[in-house]
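Architecture and fold: a report
Chain by chain, the residues:
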Amino acid sequence: MHRVAVIPGDGIGPEVVEQARRVLDVVTERCGVSLDFEEFDLGAAHYLETGEVISDETIGRLEGKDAILLGALGDPRVRPGVLEKGILLRLRFHFDEYVNLRPVTLYDGIPSALAGDSRAVNMRFVRENTEDFYVGLGGRTTQRSSEEELLLKRTAYEAKFDVGIELEGSEELAYQIGVITRGGARRVMDYAFSLARSKGVDLVTSVDKANVLTEMYGLWREEVLAASTKYGIDVEFQYVDAVALHMVRAPARFKLLVTPNLFGDILTDLGAALQGGLGFAPSGNINPEGVSMFEPVHGSAPDIAGLGLANPVGAVLSSALMLDTLGYEEAADAIEQATRAVLGDGKHRTPDTGGTTSTTQMGDAIVARLRETG
Ligand code: NAD
Ligand code: IPM
Ligand code: MN
(Lines give C-alpha, C1' and ligand atoms only; values in the text may rest on other atoms or scores of the structure.)
(Ligands and ions follow the chains in the order given, each with its own letter.)
Protein backbone atom coordinates (compact mmCIF):
# COMPACT_ATOMS: atom_id res chain seq x y z
CA MET A 1 0.00 0.00 0.00
CA HIS A 2 1.22 3.48 -0.87
CA ARG A 3 0.04 6.66 0.81
CA VAL A 4 -0.66 9.50 -1.59
CA ALA A 5 -1.35 13.10 -0.59
CA VAL A 6 -3.62 14.97 -2.98
CA ILE A 7 -3.39 18.76 -3.19
CA PRO A 8 -6.02 19.93 -5.70
CA GLY A 9 -5.03 23.58 -5.13
CA ASP A 10 -6.33 26.56 -7.09
CA GLY A 11 -8.19 27.41 -10.29
CA ILE A 12 -8.47 24.41 -12.62
CA GLY A 13 -6.30 22.34 -10.23
CA PRO A 14 -9.28 20.64 -8.51
CA GLU A 15 -11.02 20.01 -11.86
CA VAL A 16 -8.10 18.23 -13.49
CA VAL A 17 -7.05 16.38 -10.34
CA GLU A 18 -10.57 14.98 -10.00
CA GLN A 19 -10.19 13.32 -13.41
CA ALA A 20 -6.75 11.99 -12.49
CA ARG A 21 -8.26 10.49 -9.31
CA ARG A 22 -11.04 8.79 -11.27
CA VAL A 23 -8.54 7.30 -13.69
CA LEU A 24 -6.32 6.17 -10.81
CA ASP A 25 -9.29 4.48 -9.11
CA VAL A 26 -10.00 2.38 -12.18
CA VAL A 27 -6.43 1.46 -13.02
CA THR A 28 -5.39 0.63 -9.47
CA GLU A 29 -8.34 -1.73 -9.06
CA ARG A 30 -7.59 -3.36 -12.37
CA CYS A 31 -3.88 -3.79 -11.68
CA GLY A 32 -4.22 -4.73 -8.01
CA VAL A 33 -2.40 -1.62 -6.82
CA SER A 34 -3.41 -0.24 -3.46
CA LEU A 35 -3.25 3.53 -2.94
CA ASP A 36 -4.49 5.34 0.13
CA PHE A 37 -5.41 8.95 -0.68
CA GLU A 38 -5.61 11.86 1.71
CA GLU A 39 -6.71 15.24 0.42
CA PHE A 40 -5.10 18.46 1.66
CA ASP A 41 -6.95 21.74 1.50
CA LEU A 42 -4.21 24.16 0.49
CA GLY A 43 -4.20 27.16 -1.78
CA ALA A 44 -5.89 30.53 -2.12
CA ALA A 45 -9.16 29.70 -0.34
CA HIS A 46 -7.35 28.27 2.69
CA TYR A 47 -4.95 31.20 2.76
CA LEU A 48 -7.66 33.85 2.44
CA GLU A 49 -9.73 32.21 5.18
CA THR A 50 -6.97 31.52 7.68
CA GLY A 51 -4.05 33.79 6.76
CA GLU A 52 -1.87 30.69 6.73
CA VAL A 53 -0.07 29.44 3.59
CA ILE A 54 0.97 26.00 4.88
CA SER A 55 1.65 24.97 8.46
CA ASP A 56 4.58 22.98 9.80
CA GLU A 57 2.03 20.46 11.02
CA THR A 58 0.79 19.96 7.43
CA ILE A 59 4.36 19.56 6.20
CA GLY A 60 4.81 16.93 8.93
CA ARG A 61 1.75 15.03 7.70
CA LEU A 62 3.06 15.18 4.12
CA GLU A 63 6.35 13.68 5.33
CA GLY A 64 4.43 10.49 6.10
CA LYS A 65 3.37 10.07 2.47
CA ASP A 66 4.96 8.13 -0.38
CA ALA A 67 4.00 10.65 -3.05
CA ILE A 68 2.07 13.85 -3.63
CA LEU A 69 -0.33 14.55 -6.49
CA LEU A 70 -0.84 18.26 -7.06
CA GLY A 71 -3.15 20.31 -9.31
CA ALA A 72 -1.89 23.88 -9.45
CA LEU A 73 -1.33 26.87 -7.21
CA GLY A 74 -1.82 30.60 -7.79
CA ASP A 75 -4.82 32.89 -7.68
CA PRO A 76 -5.43 36.44 -8.91
CA ARG A 77 -6.71 37.45 -5.44
CA VAL A 78 -3.33 36.68 -3.91
CA ARG A 79 -0.06 38.54 -4.57
CA PRO A 80 2.12 36.58 -7.07
CA GLY A 81 4.57 34.32 -5.29
CA VAL A 82 2.73 33.94 -1.98
CA LEU A 83 1.21 30.59 -2.92
CA GLU A 84 3.66 29.61 -5.67
CA LYS A 85 6.75 30.11 -3.51
CA GLY A 86 4.95 29.49 -0.22
CA ILE A 87 3.59 26.07 -1.13
CA LEU A 88 4.87 24.72 -4.44
CA LEU A 89 8.52 25.75 -4.14
CA ARG A 90 8.50 25.14 -0.37
CA LEU A 91 7.46 21.53 -0.97
CA ARG A 92 9.95 20.99 -3.80
CA PHE A 93 12.73 22.26 -1.55
CA HIS A 94 11.52 20.67 1.68
CA PHE A 95 11.36 17.24 0.07
CA ASP A 96 14.56 17.95 -1.85
CA GLU A 97 12.89 17.03 -5.14
CA TYR A 98 15.94 17.92 -7.13
CA VAL A 99 14.78 16.61 -10.48
CA ASN A 100 11.87 17.98 -12.44
CA LEU A 101 11.18 15.42 -15.14
CA ARG A 102 9.12 16.76 -18.03
CA PRO A 103 8.64 14.48 -21.05
CA VAL A 104 7.55 16.08 -24.32
CA THR A 105 5.92 13.60 -26.70
CA LEU A 106 3.37 13.92 -29.45
CA TYR A 107 -0.10 12.35 -29.41
CA ASP A 108 -1.73 10.89 -32.48
CA GLY A 109 -4.71 13.06 -33.31
CA ILE A 110 -3.43 16.17 -31.55
CA PRO A 111 -1.77 18.76 -33.77
CA SER A 112 1.47 20.33 -32.64
CA ALA A 113 1.95 24.09 -32.67
CA LEU A 114 4.66 23.42 -35.22
CA ALA A 115 3.97 23.64 -38.90
CA GLY A 116 5.18 20.87 -41.16
CA ASP A 117 6.60 17.52 -40.17
CA SER A 118 7.03 17.44 -36.46
CA ARG A 119 6.23 13.76 -35.92
CA ALA A 120 9.68 13.08 -34.52
CA VAL A 121 9.29 15.29 -31.46
CA ASN A 122 10.21 13.13 -28.48
CA MET A 123 12.35 14.73 -25.83
CA ARG A 124 12.72 14.63 -22.09
CA PHE A 125 13.59 17.58 -19.95
CA VAL A 126 15.54 16.94 -16.77
CA ARG A 127 15.24 20.27 -15.02
CA GLU A 128 17.29 21.00 -11.91
CA ASN A 129 14.64 21.83 -9.34
CA THR A 130 16.18 23.27 -6.16
CA GLU A 131 18.80 25.88 -7.16
CA ASP A 132 19.60 28.56 -9.75
CA PHE A 133 17.53 31.75 -9.57
CA TYR A 134 14.84 29.87 -7.67
CA VAL A 135 16.69 29.85 -4.35
CA GLY A 136 14.71 32.86 -3.13
CA LEU A 137 17.69 35.02 -2.17
CA GLY A 138 17.21 38.67 -2.90
CA GLY A 139 16.11 42.01 -1.67
CA ARG A 140 15.38 45.64 -2.40
CA THR A 141 16.81 48.82 -1.00
CA THR A 142 16.24 52.57 -1.28
CA GLN A 143 19.04 53.42 1.14
CA ARG A 144 22.48 54.74 0.26
CA SER A 145 23.98 52.13 2.50
CA SER A 146 22.45 48.88 3.65
CA GLU A 147 23.35 45.44 5.00
CA GLU A 148 21.38 42.25 4.59
CA GLU A 149 22.03 38.70 5.72
CA LEU A 150 20.58 36.04 3.45
CA LEU A 151 20.41 32.38 4.35
CA LEU A 152 20.07 29.45 1.95
CA LYS A 153 19.15 26.17 3.61
CA ARG A 154 19.02 22.91 1.74
CA THR A 155 18.99 19.32 2.97
CA ALA A 156 22.65 18.86 2.11
CA TYR A 157 24.09 22.32 2.79
CA GLU A 158 23.69 25.83 4.14
CA ALA A 159 25.11 29.05 2.73
CA LYS A 160 25.02 32.46 4.34
CA PHE A 161 25.39 35.65 2.30
CA ASP A 162 26.28 38.98 3.87
CA VAL A 163 25.20 41.53 1.32
CA GLY A 164 26.39 45.08 1.81
CA ILE A 165 25.06 47.61 -0.71
CA GLU A 166 26.32 51.15 -1.32
CA LEU A 167 23.80 52.74 -3.68
CA GLU A 168 24.47 55.92 -5.63
CA GLY A 169 22.67 57.44 -8.59
CA SER A 170 19.45 55.44 -8.41
CA GLU A 171 16.53 55.79 -6.04
CA GLU A 172 15.98 52.07 -5.64
CA LEU A 173 17.65 48.76 -6.34
CA ALA A 174 16.30 45.21 -6.40
CA TYR A 175 18.46 42.12 -6.75
CA GLN A 176 18.20 38.35 -6.79
CA ILE A 177 21.00 35.86 -6.35
CA GLY A 178 21.32 32.62 -8.30
CA VAL A 179 23.15 29.64 -6.88
CA ILE A 180 24.55 26.43 -8.35
CA THR A 181 26.46 24.09 -6.04
CA ARG A 182 28.86 21.35 -7.07
CA GLY A 183 26.74 18.69 -5.37
CA GLY A 184 23.51 20.17 -6.71
CA ALA A 185 24.79 20.04 -10.29
CA ARG A 186 26.36 16.61 -9.86
CA ARG A 187 23.23 14.87 -8.62
CA VAL A 188 21.04 16.18 -11.42
CA MET A 189 23.69 15.12 -13.96
CA ASP A 190 23.74 11.65 -12.40
CA TYR A 191 19.98 11.45 -12.78
CA ALA A 192 20.01 12.79 -16.36
CA PHE A 193 22.84 10.60 -17.62
CA SER A 194 21.54 7.42 -15.99
CA LEU A 195 18.15 8.14 -17.51
CA ALA A 196 19.88 8.63 -20.88
CA ARG A 197 21.61 5.27 -20.42
CA SER A 198 18.42 3.44 -19.47
CA LYS A 199 16.51 4.93 -22.42
CA GLY A 200 19.29 4.31 -24.94
CA VAL A 201 19.88 8.02 -25.57
CA ASP A 202 23.34 8.59 -27.01
CA LEU A 203 23.51 12.40 -26.84
CA VAL A 204 22.59 14.64 -23.92
CA THR A 205 22.01 18.35 -24.52
CA SER A 206 23.10 20.67 -21.74
CA VAL A 207 21.26 23.99 -21.70
CA ASP A 208 22.77 27.09 -20.11
CA LYS A 209 23.86 30.68 -20.62
CA ALA A 210 27.52 30.17 -19.82
CA ASN A 211 28.47 33.06 -22.10
CA VAL A 212 26.88 35.55 -19.70
CA LEU A 213 26.32 33.87 -16.35
CA THR A 214 29.84 32.52 -16.45
CA GLU A 215 30.29 31.53 -12.81
CA MET A 216 27.10 29.56 -12.25
CA TYR A 217 27.02 27.83 -15.58
CA GLY A 218 30.79 27.42 -15.71
CA LEU A 219 30.45 25.15 -12.70
CA TRP A 220 27.39 23.53 -14.28
CA ARG A 221 29.41 22.66 -17.40
CA GLU A 222 32.20 21.07 -15.39
CA GLU A 223 29.70 18.64 -13.92
CA VAL A 224 28.15 17.98 -17.34
CA LEU A 225 31.56 17.02 -18.69
CA ALA A 226 32.35 14.86 -15.66
CA ALA A 227 29.05 13.00 -16.06
CA SER A 228 29.60 12.57 -19.80
CA THR A 229 32.93 10.87 -19.08
CA LYS A 230 31.55 8.84 -16.18
CA TYR A 231 28.61 7.47 -18.19
CA GLY A 232 30.36 7.31 -21.56
CA ILE A 233 27.58 9.32 -23.22
CA ASP A 234 28.22 12.26 -25.55
CA VAL A 235 27.14 15.74 -24.63
CA GLU A 236 26.50 18.94 -26.57
CA PHE A 237 26.43 22.37 -24.95
CA GLN A 238 23.74 24.72 -26.18
CA TYR A 239 22.85 28.21 -25.05
CA VAL A 240 19.27 28.58 -23.97
CA ASP A 241 18.39 31.14 -26.64
CA ALA A 242 19.59 28.80 -29.38
CA VAL A 243 17.67 25.89 -27.82
CA ALA A 244 14.47 27.94 -28.11
CA LEU A 245 15.23 28.43 -31.81
CA HIS A 246 16.06 24.79 -32.49
CA MET A 247 13.04 23.52 -30.54
CA VAL A 248 10.87 25.25 -33.12
CA ARG A 249 13.00 24.72 -36.22
CA ALA A 250 14.45 21.26 -35.65
CA PRO A 251 12.89 19.72 -32.53
CA ALA A 252 13.77 16.15 -33.55
CA ARG A 253 17.43 16.77 -32.75
CA PHE A 254 16.73 16.82 -29.01
CA LYS A 255 16.37 13.62 -27.02
CA LEU A 256 17.28 14.49 -23.46
CA LEU A 257 17.96 18.01 -22.23
CA VAL A 258 19.40 18.79 -18.83
CA THR A 259 18.64 22.34 -17.75
CA PRO A 260 19.05 24.72 -14.85
CA ASN A 261 15.84 25.58 -13.01
CA LEU A 262 14.72 28.81 -14.68
CA PHE A 263 15.50 27.89 -18.29
CA GLY A 264 13.82 24.52 -17.73
CA ASP A 265 10.68 26.30 -16.59
CA ILE A 266 10.54 28.44 -19.71
CA LEU A 267 11.51 25.80 -22.26
CA THR A 268 9.00 23.25 -20.95
CA ASP A 269 6.10 25.61 -21.67
CA LEU A 270 7.49 25.76 -25.22
CA GLY A 271 7.76 21.96 -25.15
CA ALA A 272 4.11 21.80 -24.10
CA ALA A 273 3.17 23.92 -27.12
CA LEU A 274 5.02 21.44 -29.36
CA GLN A 275 2.91 18.64 -27.85
CA GLY A 276 -0.34 20.39 -28.60
CA GLY A 277 -0.70 22.74 -25.63
CA LEU A 278 -0.10 23.25 -21.95
CA GLY A 279 -2.98 20.97 -21.05
CA PHE A 280 -1.09 17.94 -22.40
CA ALA A 281 2.15 18.21 -20.42
CA PRO A 282 2.84 16.08 -17.33
CA SER A 283 5.67 16.44 -14.84
CA GLY A 284 7.28 14.90 -11.78
CA ASN A 285 9.28 16.64 -9.05
CA ILE A 286 11.49 13.76 -8.12
CA ASN A 287 13.64 12.86 -5.16
CA PRO A 288 14.71 9.28 -5.95
CA GLU A 289 15.13 8.56 -2.22
CA GLY A 290 12.28 10.64 -0.86
CA VAL A 291 8.77 11.96 -1.36
CA SER A 292 8.16 12.94 -4.98
CA MET A 293 5.41 15.24 -6.21
CA PHE A 294 3.56 14.98 -9.52
CA GLU A 295 1.74 17.82 -11.23
CA PRO A 296 0.82 19.00 -14.70
CA VAL A 297 3.19 21.61 -16.16
CA HIS A 298 0.38 24.15 -16.45
CA GLY A 299 -0.79 26.55 -13.76
CA SER A 300 -4.18 27.33 -12.25
CA ALA A 301 -5.51 28.95 -15.48
CA PRO A 302 -7.85 31.41 -13.72
CA ASP A 303 -9.19 32.50 -17.12
CA ILE A 304 -10.98 29.16 -17.61
CA ALA A 305 -11.40 27.94 -14.02
CA GLY A 306 -14.77 26.49 -13.00
CA LEU A 307 -16.09 26.27 -16.55
CA GLY A 308 -15.33 22.64 -17.36
CA LEU A 309 -13.02 23.76 -20.16
CA ALA A 310 -9.71 22.53 -18.74
CA ASN A 311 -7.83 19.73 -20.46
CA PRO A 312 -7.12 17.08 -17.79
CA VAL A 313 -4.59 15.06 -19.84
CA GLY A 314 -1.51 16.66 -18.22
CA ALA A 315 -2.85 15.82 -14.76
CA VAL A 316 -3.87 12.29 -15.79
CA LEU A 317 -0.43 11.59 -17.28
CA SER A 318 1.24 13.07 -14.20
CA SER A 319 -0.58 10.44 -12.17
CA ALA A 320 0.84 7.81 -14.56
CA LEU A 321 4.31 9.22 -13.94
CA MET A 322 3.59 8.88 -10.21
CA LEU A 323 2.62 5.21 -10.59
CA ASP A 324 5.72 4.57 -12.66
CA THR A 325 7.93 6.17 -10.00
CA LEU A 326 6.23 4.13 -7.25
CA GLY A 327 7.12 1.00 -9.22
CA TYR A 328 3.77 0.25 -10.90
CA GLU A 329 4.91 0.23 -14.49
CA GLU A 330 1.99 -1.78 -15.83
CA ALA A 331 -0.60 0.53 -14.29
CA ALA A 332 1.27 3.60 -15.52
CA ASP A 333 1.42 2.13 -19.00
CA ALA A 334 -2.29 1.34 -18.99
CA ILE A 335 -3.12 5.00 -18.27
CA GLU A 336 -0.78 6.25 -20.95
CA GLN A 337 -2.10 3.81 -23.58
CA ALA A 338 -5.74 4.58 -22.76
CA THR A 339 -5.11 8.33 -22.92
CA ARG A 340 -3.28 8.03 -26.22
CA ALA A 341 -6.03 5.86 -27.66
CA VAL A 342 -8.72 8.37 -26.67
CA LEU A 343 -6.78 11.24 -28.23
CA GLY A 344 -5.98 9.13 -31.27
CA ASP A 345 -9.58 8.24 -32.09
CA GLY A 346 -10.20 11.96 -32.67
CA LYS A 347 -13.61 11.99 -31.01
CA HIS A 348 -12.61 13.74 -27.85
CA ARG A 349 -11.06 17.17 -27.96
CA THR A 350 -11.21 19.71 -25.16
CA PRO A 351 -11.69 23.37 -26.18
CA ASP A 352 -7.93 24.11 -26.06
CA THR A 353 -7.62 21.98 -29.20
CA GLY A 354 -10.79 23.22 -30.85
CA GLY A 355 -13.25 20.64 -29.50
CA THR A 356 -16.26 20.70 -27.22
CA THR A 357 -15.39 17.82 -24.87
CA SER A 358 -15.59 18.97 -21.24
CA THR A 359 -13.06 18.22 -18.54
CA THR A 360 -15.31 15.53 -17.06
CA GLN A 361 -16.16 14.03 -20.46
CA MET A 362 -12.46 13.67 -21.21
CA GLY A 363 -12.10 11.87 -17.87
CA ASP A 364 -15.13 9.71 -18.79
CA ALA A 365 -13.54 8.75 -22.11
CA ILE A 366 -10.24 7.71 -20.56
CA VAL A 367 -12.03 5.76 -17.81
CA ALA A 368 -14.23 4.03 -20.41
CA ARG A 369 -11.23 3.11 -22.51
CA LEU A 370 -9.46 1.66 -19.48
CA ARG A 371 -12.53 -0.41 -18.62
CA GLU A 372 -12.79 -1.72 -22.21
CA THR A 373 -9.21 -2.86 -22.33
CA GLY A 374 -9.12 -4.17 -18.75
P1 NAD B 1 -1.28 28.86 -16.82
O2 NAD B 1 -0.52 27.64 -17.14
O3 NAD B 1 -2.20 28.75 -15.66
O4 NAD B 1 -2.14 29.30 -18.10
C5 NAD B 1 -1.55 29.72 -19.34
C6 NAD B 1 -2.58 29.58 -20.46
O7 NAD B 1 -2.79 28.20 -20.76
C8 NAD B 1 -3.96 30.14 -20.09
O9 NAD B 1 -4.53 30.71 -21.22
C10 NAD B 1 -4.74 28.91 -19.68
O11 NAD B 1 -6.13 29.02 -19.86
C12 NAD B 1 -4.14 27.82 -20.57
N13 NAD B 1 -4.16 26.52 -19.90
C14 NAD B 1 -3.37 26.13 -18.87
N15 NAD B 1 -3.67 24.88 -18.51
C16 NAD B 1 -4.68 24.47 -19.30
C17 NAD B 1 -5.43 23.26 -19.39
N18 NAD B 1 -5.19 22.23 -18.58
N19 NAD B 1 -6.41 23.19 -20.31
C20 NAD B 1 -6.64 24.22 -21.14
N21 NAD B 1 -5.97 25.38 -21.11
C22 NAD B 1 -5.00 25.51 -20.20
O23 NAD B 1 -0.21 30.02 -16.61
P24 NAD B 1 -0.42 31.55 -16.12
O25 NAD B 1 -1.69 32.09 -16.66
O26 NAD B 1 0.86 32.19 -16.42
O27 NAD B 1 -0.54 31.46 -14.54
C28 NAD B 1 -1.78 31.38 -13.83
C29 NAD B 1 -1.49 31.11 -12.36
O30 NAD B 1 -0.93 29.80 -12.20
C31 NAD B 1 -0.46 32.06 -11.74
O32 NAD B 1 -0.87 32.30 -10.43
C33 NAD B 1 0.84 31.29 -11.78
O34 NAD B 1 1.75 31.70 -10.82
C35 NAD B 1 0.33 29.89 -11.51
N36 NAD B 1 1.18 28.79 -12.00
C37 NAD B 1 1.23 27.68 -11.22
C38 NAD B 1 1.91 26.56 -11.65
C39 NAD B 1 1.90 25.34 -10.79
O40 NAD B 1 1.16 25.24 -9.84
N41 NAD B 1 2.71 24.35 -11.10
C42 NAD B 1 2.51 26.57 -12.91
C43 NAD B 1 2.44 27.72 -13.70
C44 NAD B 1 1.76 28.83 -13.24
C1 IPM C 1 6.07 25.37 -13.07
C2 IPM C 1 5.65 26.72 -12.54
C3 IPM C 1 6.42 27.04 -11.26
C4 IPM C 1 7.91 27.11 -11.62
C5 IPM C 1 6.00 28.36 -10.57
C6 IPM C 1 4.52 28.44 -10.37
C7 IPM C 1 6.71 28.52 -9.25
O8 IPM C 1 5.82 27.71 -13.51
O9 IPM C 1 5.92 24.38 -12.33
O10 IPM C 1 6.47 25.28 -14.21
O11 IPM C 1 8.41 28.15 -12.05
O12 IPM C 1 8.57 26.08 -11.47
MN1 MN D 1 6.27 26.87 -15.50
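Residue indices begin from 1 for each chain and proceed along its sequence in written order. Working convention: letters from A go to chains and numbers from 1 go to ligands, in the order in which they are written. Only residues with pLDDT of at least 70 are given local features in this predicted model, and only at 80 or more are side-chain atom pairs given and counted; all residues enter the totals for whole chains, interfaces and linings. The side-chain numbers reported here are obtained from all heavy atoms of the structure, hydrogens and water having been left aside.

1. Digging into the domain arrangement of the protein
- An automatic or database domain assignment provides the domain bounds reported here. What the domain assignment reports for the protein is domain 1 (1-97 + 291-374), domain 2 (113-131 + 180-274) and domain 3 (143-179).
- One C-alpha centre belongs to domain 1, the other to domain 3; they are set 36 Å apart.

2. Some details on the site of ligand 2
- Distances are taken per atom, and a residue is near a molecule or strand as soon as one of its heavy atoms is within 4 Å of it. Every residue close to ligand 2 is listed here: E84, L88, L89, R92, R102, R127, Y134 and D265.
- In this structure, R92 approaches ligand 2 through a side-chain N or O atom, which is 2.7 Å from an oxygen atom.
- Here the Shrake-Rupley method, with its probe set to 1.4 Å, supplies the accessible areas, and only the displayed protein chains count as covering residues. Expressed as a share of its isolated accessible area of 320 Å², the protein-covered part of ligand 2 is 78%.
- Numbering of helices and strands runs from the N terminus, with a helix taken as a DSSP run of H or I at least four residues long and a strand as a DSSP run of E at least two residues long. The element that contributes the greatest number of residues to the shell around ligand 2 is helix α4 (residues 82-94), accounting for four residues.
- Here the nonpolar group is Ala, Val, Leu, Ile, Met, Phe, Trp, Tyr, Cys and Pro; Asp, Glu, Lys and Arg are the charged ones; every other residue, Gly included, is treated as polar. Considered class by class, the residues forming the shell around ligand 2 number three nonpolar, no polar and five charged. Whenever a nitrogen or oxygen atom comes within 3.5 Å of another N or O atom, the pair is scored as a polar contact, on the condition that within protein one atom can donate a hydrogen and the other can accept it, and that pairs from neighbouring residues in sequence are kept only if both atoms are in side chains.

3. Things to note about the pairing of strand β3 (residues 67-72)
- Counting buried residues along β3, six of its six residues qualify, which places the element largely inside the surrounding structure.
- Bridge analysis of strand β1 (residues 2-9) against β3 gives five bridges, and the strand direction is parallel. Along β3, the bridge assignment pairs V6 with L69.
- Pairing of β3 with strand β14 (residues 292-296), which is carried by three bridges, proceeds in the parallel orientation. Bridging from a neighbouring strand, L69 pairs with F294 of β14. Using a 1.4 Å probe on the protein chains alone, a residue whose accessible area is under 20% of its type maximum counts as buried, one over 50% counts as exposed, and one in between counts as partly exposed. Paired strands are those between which DSSP finds at least two bridges.

4. Here's the deal with the site of ligand 1
- Neighbouring ligand 1 are 21 residues; E84, E295, G299, A301 and D303 lie closest to it.
- G299 places a polar main-chain atom, nitrogen or oxygen, 2.7 Å from an oxygen atom of ligand 1.
- Between ligand 1 and the protein, one listed contact pairs a nitrogen atom with a backbone N or O atom of N311 at 2.9 Å.
- Coverage of ligand 1 by the protein chains reaches 68% of its 800 Å² of free accessible surface.

5. Things to note about helix α10 (residues 329-344)
- In this model α10 runs 22 Å from its N-terminal to its C-terminal C-alpha over 16 residues, within 8% of the 22 Å that 1.5 Å per residue would give.
- Within α10, burial applies to A331, A332, A334, I335, A338, T339, V342 and L343. Each buried residue of α10 sits inside an arc of 160° when the element is viewed along its axis, so together they form one side. When the buried face of α10 is taken as reference, the exposed residues oriented beyond 90 degrees from it are E329 and E330.
- Any two residues whose heavy atoms approach within 4.5 Å are treated as being in contact. Structurally, α10 contributes buried residues whose contacts are with α1 (13-31), α9 (313-325) and α11 (359-373).
- Two residues or fewer past α10, G346 is found with a positive phi of approximately 75°. By this rule, a helix spans an expected 1.5 Å times one less than how many residues it contains. The reported arc concerns the directions from the helix axis to the C-beta atoms and nothing else.

6. Quick notes on the pattern of salt bridges
- Any carboxyl oxygen of Asp or Glu that lies within 4 Å of a side-chain nitrogen of Lys or Arg is treated as forming a salt bridge with it. Summed over the entire model, instances satisfying the criterion amount to 19 salt bridges.
- R182 serves as the salt-bridge partner of E222, at 2.8 Å between the closest nitrogen and oxygen. Highlighted residues: E222 in helix α6 (residues 214-231) and R182 in helix α5 (residues 182-198), separated in sequence by 40 residues.
- Looking at R182, the relative accessible area reads 35%, which means it is partly exposed.
- Residues participating in the shared-partner salt-bridge network are E38, E57, R61 and K65.

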